[in-house]
Structure formats: C-alpha cells, structure tokens
Amino acid sequence: MKFFENRSFDDLCSLKVEENARFYCELEDYDQLNEIDGFLREKSIKHLVLGEGTNIVPINNFEGLVIKNKLKGITEIDESFVEVSSGENWNEFVKWSLSEGKKGLENLALIPGTVGAGPVQNIGAYGSEISKFIEEISVFNFETSKVETMKKDDCEFSYRSSIFQQTNKYFILSVSFKFEQDSKLNLSYKSIQELITSKGLIEENLTSYDVFDLVSQIRKKVLPDHKLNPNVGSFFKNIRLPESEYRKLDLPTDIPIYKGDGEVKISSAYLIEKAGWKGKREGGVGISDLHSLVVVCDKGTNGSEILEFANKVIDDIYSKTGLRLEIEPTLV
Ligand SMILES: Cc1cc2nc3c(=O)[nH]c(=O)nc-3n(C[C@H](O)[C@H](O)[C@H](O)COP(=O)(O)OP(=O)(O)OC[C@H]3O[C@@H](n4cnc5c(N)ncnc54)[C@H](O)[C@@H]3O)c2cc1C
C-alpha cells in the first residue's frame, strides 16, 4: 500500500481547511491493517482515522498518519441483524435499510459521514440516536494489534459521546445493527409534528419512508449544505446539567429549559441567537444565518481562525450566562 507525504486536508474535510497531514494512506482491506500498524510503530507517530471528514476541525498541520477509511460492504446476518463495514456512507445505509423493510433509522436521515464515525459521537437527530440500534462493534486495537469485538455496553454511549472519544486506540471496522420487527415510528420531535400538521398528514397512515422524507425536508431547510458552505453541522453541543447544579445557577427565566431523567437541557442554539451571534461573520468565519449552532467558513480558512472564532462565541456566552458551551467536532 502507498503512504503519501504532506497531504492537504482541503478535500478531505467538509470545512475545506488548508492544513496538511504529514502522512496519508487509504485502507481498503483488513489485510492492510498490519502494514499500517507497522508503519506507525516504525515511525513512532500518532494517527487519525478519517471517514468523510464532516466532523473534524484540523487546527494545525497534523504530524502523523491520516488513515482514510474505505472499507465497504453490508452483510445481512438474518432478518434482524446487519453487519456494515465502517467506510459505508451513513445515509446510503439508512436508505438501504428502509428498502429492505428494516425500520427504525428513518429519523437519522441525511446525517453526513460514514457508518464507522456514527458511534464515535453517538450521532443523533430528531429524537433518535445510533446507539439505540447497535448490537456490537468490531474494532482493530492499535495497542494490542488485534481485532476485538465490543458489545454495546462496552461503548459507554451517552449524548454525543462514547468511549471512542476518550481513546484513540480503536479503529472501528464494522458496526452490527439490530432491527426490531415491530418498530414504532418516532414522531415526537416538535418540527416533525409541525410539518405533519402543516401538510395535513394523518399520523396513522405514515410509513418509515414518509418519516425519512419529512426529516430530509426539515434538514434541507434548516441546515446549510456543507458542500456549498463549509461546515461540520453543529459546532456546539447542547448543555446538559444535573438539576441540582442548574438550581444553583440562577439563570434568566426567559432561557427555555427541558427537564427529564434528573437533567436539565438548555438549547445552545437559543443562547447563541440571544447573544446576537446568528448570521454574524468575522473575516472568513461566522455563525450560519440558518442555524445558530453551525459555524460556517470560506474555503481555505485556517483551522486556527475557526477555533479562535468559536472560542470568542464560547467566552461571550459564558460572560452573559455563566454557561460554557462545549465544542462538538474533533479538533485535530
Ligand atoms: C451539514 C452537517 C450536518 C450534520 N448533522 C448531524 C446530526 O444531525 N447529528 C449528528 O450527530 N452529527 C451531525 N453532523 C456531524 C457528522 O455528520 C457526524 O459526526 C458523522 O458521524 C461524521 O462522519 P465522518 O465519516 O465524516 O467522520 P469524520 O469527520 O471523518 O471523523 C469524525 C471523528 O470520528 C473518528 N472516526 C471516524 N471514523 C472512525 C472509525 N472508523 N473508527 C474510529 N474512529 C473514527 C475520527 O477520527 C474523528 O475523531 C453533521 C455534519 C454536517 C456537515
């Protein structure tokens, strides 16, 4: 296999930044893992597993090896279980599952990126999360140089988080999904409800395909297209606090909160908009005028400029509310 030197990130990530990777290779086959492992040990360098680059922010040149994931294939174990190679495109897999009569993933329509990156931040949208459907994950462990199987409980899934964010030692090779035969539609999300009402649709008549279409319509309206306007989707996580901590904060009463499971959820989009950042730009970077969680930038902007801008937003919100926003994508 080929190891390239000084590969630009500009066509490897959706922010289209110009930082470089010291080394770059493409993994197409499990057999190549040992060669990659050997290369990393010989050079004593770090590595970055790369899917479609829709959730990374290269803030400097990367002095290691970027391993682009090109593992492909979908294996139907039986009616309920499917094993998917991690380099498959997520939305294509969602469409495939619906075409095979497997219900459940429709609320996760149109999330960009690969299947293998899904568990890393436990991708979620419109009231659903990938972890609900995961049975087990096959990984290559760079510490032991072995392929291992991780059960769902080993993955420590929570809101936009998993064990794969705490350690860099795992390369997710494939993800096994379990589909329920009698899966019910999840129509609870407010914007789905509003669209159903405005279109005069009858809930009982809706299919998983219809929900896929509704979610796709909403997403196209509220999110900037990363192929035209470089972005990584939500740049900031929503805030989640234990109720006891929230009570100590004495926040302004107009900030909308959602209570559940002993937690208080605060919409970061609301805080950013209220602080006047929605649609605001500084140089080549800004907050989208469509969605206040989305940082957009011009092609060729430096990653460090993007981070500087994001930190400015974080500091401003902190000074106004005492709440500190957390960055969602991986800083490279
Ligand atoms: C317009 C837009 C909308 C979005 N909407 C949503 C949304 O609704 N919900 C949501 O949750 N996210 C959303 N995202 C974020 C993004 O789509 C997801 O995080 C997606 O899973 C990233 O996939 P990727 O292949 O591009 O990952 P990359 O950006 O390539 O990688 C992301 C991280 O995962 C790691 N990684 C990738 N593949 C593997 C692997 N095989 N093994 C181990 N680690 C790996 C990388 O090292 C990196 O740390 C959105 C992004 C954009 C641009």
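Residues numbered from 1 in each chain as written. Predicted model: local features only at pLDDT ≥ 70, side-chain atom pairs only at ≥ 80, totals over all residues. Heavy atoms only, no water.

1. Remarks on the sheet that holds strand β16 (residues 281-282)
Paired through their backbone hydrogen bonds, the strands of a sheet run either parallel or antiparallel. The test is simple: We treat two strands as partners when DSSP finds at least two bridges between them. Each helix is a run of DSSP H or I of at least 4 residues and each strand a run of E of at least 2, with the numbering of both proceeding from the N terminus. In this description, contact between two residues means that some pair of their heavy atoms is separated by no more than 4.5 Å. An axis is simply a line fitted to the C-alpha atoms; with a helix, the fit covers only the stretch in contact. Between two such axes, the angle follows the N-to-C directions and lies from 0 to 180 degrees.
The strand order across the open sheet formed by 3 strands is β16-β17-β18, and the pairing between neighbours is antiparallel. A single partner strand is all that each edge strand has here, and the edge strands are β16 and β18 (295-297). Lying over the sheet, helix α7 (residues 303-321) contacts β16, β17 (285-287) and β18, oriented at roughly 35° with respect to β17.

2. Digging into the nonpolar core
Test applied: Throughout, nonpolar core names a set of buried Ala, Val, Leu, Ile, Met, Phe, Trp, Tyr and Cys residues whose side chains join them through atoms within 4.5 Å. Classification of residues uses two cut-offs on accessible area relative to the type maximum, computed with a 1.4 Å probe and protein chains only: under 20% is buried, over 50% is exposed, and between them is partly exposed. In this entry, domain limits derive from an automatic or database-based domain assignment.
One finds F9, F235, F236, I266, I272 and I306 to be the most contacted residues of the largest nonpolar core, which totals 45 residues. If one sorts the elements of this core by residue count, α7 sits on top with 7 residues. For this core, the two domains that each supply at least three residues are domain 1 (4-69) and domain 3 (239-331). Dropping the residues within four chain positions of it, I272 is found in contact with F236, W277, K278, I287, S292, L293, V313, I317 and L325. Of all hydrophobic cores here, the second largest spans 39 residues; its members include F93, A109, C155 and F164.

3. Examining the site of the ligand
Convention followed: Any residue with at least one heavy atom within 4 Å of a molecule or strand is counted as near it. Definition of a polar contact: a pair of N or O atoms within 3.5 Å, with one able to donate and the other able to accept a hydrogen when the atoms are protein atoms, and with sequence-neighbouring residues admitted only if both atoms are side-chain atoms. Computed with the Shrake-Rupley method and a 1.4 Å probe, the accessible areas treat only the protein chains shown as cover for residues.
As a structural note, the neighbourhood of the ligand is formed by 33 residues, with V49, G51, T54, N55 and T114 the closest of them. Contact between the ligand and Q121: an oxygen atom at 3.0 Å from a side-chain N or O atom of the residue. In the model, an oxygen atom of the ligand is placed 2.8 Å from a nitrogen or oxygen of the T330 side chain. Protein contacts shield 94% of the accessible area of the ligand, which totals 990 Å² for the unbound molecule. Elements with a minimum of two residues in the shell around the ligand: β3 (47-50), β8 (124-125) and β12 (170-178).

4. Section: the sheet that holds β12
Pairing is antiparallel in the open sheet, where 5 strands are placed in the order β6-β7-β12-β10-β11. Both outer strands of the open sheet, β6 (74-76) and β11 (146-151), are each paired with one neighbouring strand and no more. Along the sheet, successive strands turn relative to each other by an average axial angle of 20°, direction set aside. Bridge analysis of strand β7 (residues 81-85) against β12 gives 5 bridges, and the strand direction is antiparallel. Bridged to V84 within β12 is V175.

5. Re helix α3 (residues 190-198)
For clarity, the cut-off: Directions are taken from the helix axis to each C-beta atom, and the arc is the one they span.
Among the residues making up α3, those that are buried are I192, L195 and I196. Here the buried residues of α3 occupy an arc of 100° about the axis, which is enough to place them on one side. Residues of α3 that are exposed and point over 90 degrees away from its buried face: K190, T197 and S198. In this structure, the buried side of α3 is in contact with α4 (208-222).

6. Comments concerning the domain arrangement of the protein chain
To be explicit about the condition: Using a 1.4 Å probe, buried area is obtained as the accessible area two parts lose upon being combined, added over both of them. Salt bridges are counted wherever a side-chain nitrogen of Lys or Arg sits within 4 Å of a carboxyl oxygen of Asp or Glu. Ten residues, namely Ala, Val, Leu, Ile, Met, Phe, Trp, Tyr, Cys and Pro, are considered nonpolar, four, namely Asp, Glu, Lys and Arg, are considered charged, and the remaining ones, Gly among them, are considered polar.
Assigned domains of the protein chain: these are domain 1 (4-69), domain 2 (72-222) and domain 3 (239-331). Placing a centre on the C-alpha atoms of domain 1 and another on those of domain 2 gives a separation of 25 Å. Counting residues at the interface gives 16 residues for domain 1 and 16 residues for domain 2. Counting each side, the surface lost to burial between domain 1 and domain 2 is near 1,400 Å², with a carbon and sulfur contribution of 56%. Linking domain 1 with domain 2 are 0 salt bridges. At the boundary of domain 1 with domain 2, the tally comes to 6 residue pairs in polar contact (both at pLDDT 80 or more). Sorting the residues of the side of domain 1 that touches domain 2 by element identifies α1 (33-43), β3 and β5 (62-69) as the ones contributing at least two each. Per-element tally for the side of domain 1 that touches domain 2: the top contributor is α1, with 6 residues. A class-by-class count of the residues in the side of domain 1 that touches domain 2 yields 7 nonpolar, 6 polar and 3 charged.

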